[in-house]
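# Remarks on the overall topology
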Amino acid sequence: MAGLLDGKALAQQIQADLAQQVQSFQAQGHRAPGLAVLMVGDNPASAAYVRGKERACAKVGIASLGQHFPADATQEQVAAAIHSLNQDDRVDGILVQLPLPEHLDAVALLNLIDPDKDADGLHPTNMGRLMRGEIGLRSCTPAGVMQILKTYNLEPKGRQAVVLGRSILVGKPMALMLLEADATVTIAHSRTPDIGTIARSADILVAAVGRPNFVTPDMVKPGAIVIDVGINRIDNPDGTTRLVGDVQFDAVESIAEWITPVPGGVGAMTVAMLLQNTVWSYSQRFAR
Ligand code: NAP
């Protein structure tokens, strides 16, 4: 049976460490760090994510300085809010909760965020820093995966890594981070023929596809490290719903050496990395 990579416990540990760091900065007379989450509209899933982020901020001692706009907010209104947060000295991190209503241009708005306050690590400047191997704010979900591997001493160096999915949010930055850590990386996607053979070559298999049960046991090399980024809501026979990943967990668990559960794996780490990015950005402000 594979060992469980417990993202939830690790996230709690990281949050406790961050709370201590914040306390020690404040003991030196500094203000609290600030994170501004901008939400537009009333998408219930987004609202739940925003509440979760604000609760996590409170535990660490980060001030939540977000704003909630009505669903018909204009591009100019949201842009003006980002410009003002860029100038606001109490704010160390800014993020725009996605998805946005269709009439808004999400990419244009993300590009307005000061790259040094880009808590989600999605700004082209931070993507460029990742590409060049320079210090910078890293995208939270793949950074969470790297933190899990590091904590469990699962060194990517010299290993074959396969990333299933090539989104700008997960797949691409994930592949770059594994490459930066000296893995040999393959990215597979919806146009990749014979994806099973490629997946089976992986010592580290990262699934970020968004399809329940996509990774079946025949796609997994015995002894592989399997990281399940997927978060999919599916229906139970009794009419309730539950969250599952992209990996057929019960079957793959007996083949892999290590595996992340869903929930309690990568998802738990994403918010911890957001807080870590905010506190890092805060600490850099005082180092300047
Ligand atoms: P996305 O933008 O929809 O990208 C999905 C990727 O999977 C695309 O590159 C797509 O290929 C590929 N794909 C889709 N169907 C495929 C197939 N049949 N065979 C091979 N490749 C296929 O999704 P995302 O934002 O990257 O998210 C992926 C999953 O991770 C989702 O379940 C999402 O909810 C979850 N997620 C979790 C966290 C977390 O905190 N754990 C954070 C973000 C996302 P093409 O590019 O060719 O279309």
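For the structure itself, consult the block above.
Here's what I pulled together on the structure shown here.

Cut-offs and rules
- Every chain is numbered on its own, with residues counted from 1 as its sequence reads.
- Given that this is a predicted model, residues contribute local features only at a pLDDT of at least 70 and side-chain atom pairs are listed and counted only at 80 or more, while totals for whole chains, interfaces and linings are drawn from all residues.
- For the side-chain quantities, the full set of heavy atoms in the structure was used; hydrogens and water were omitted.
- Runs of H or I in DSSP of at least four residues are treated as helices and runs of E of at least two as strands, each being numbered from the N terminus.
- What the globule rule says is 2.2 Å times the number of residues to the power 0.38, and the radius of gyration is computed from C-alpha atoms.
- Working definition: with a 1.4 Å probe on protein chains only, accessible area under 20% of the residue-type maximum means buried, over 50% means exposed, and in between means partly exposed.
- Contacts were defined at the residue level, with two residues in contact if any of their heavy atoms lie within 4.5 Å.
- Here the open area of atoms and residues is found with the Shrake-Rupley method and a 1.4 Å probe, where only the protein chains shown may cover a residue.
- Positive: Lys, Arg. Negative: Asp, Glu. His and the chain ends are not part of the count.
- By convention, charge coordinates are those of NZ in Lys, CZ in Arg, CG in Asp, or CD in Glu.
- Following DSSP output, two strands are said to pair if at least two bridges run between them.

## Quick word on the overall build of the protein chain
For the protein chain, the helix and strand inventory stands at 10 helices and 12 strands. Whereas a compact globule of 288 residues would reach a radius of gyration of roughly 19 Å, the protein chain reaches 19 Å, a difference of no more than 12%. Dimensions of the protein chain, computed from C-alpha atoms along their principal axes, come out at roughly 50 × 40 × 35 Å. The burial tally for the protein chain puts 49% of its 288 residues in the buried class. Residue pairs at least 24 apart in sequence account for 70% of intrachain contacts in the protein chain once pairs closer than 6 positions are excluded. Of the accessible surface of the protein chain, which amounts to about 13,700 Å², a share of 52% is contributed by carbon and sulfur atoms. Seen as two clouds, the 24 positive and the 29 negative side-chain charges of the protein chain have centres 3 Å apart.

## Focus: the pairing of strand β11 (residues 241-244)
Bridge count between strand β10 (residues 232-235) and β11: 4 bridges; the pairing is antiparallel. In the sheet register, I234 faces β11, and the bridge partner there is R242. Linking β10 to β11, which pair antiparallel, is a turn of 5 residues; within it G239 sits at a positive phi near 95°.

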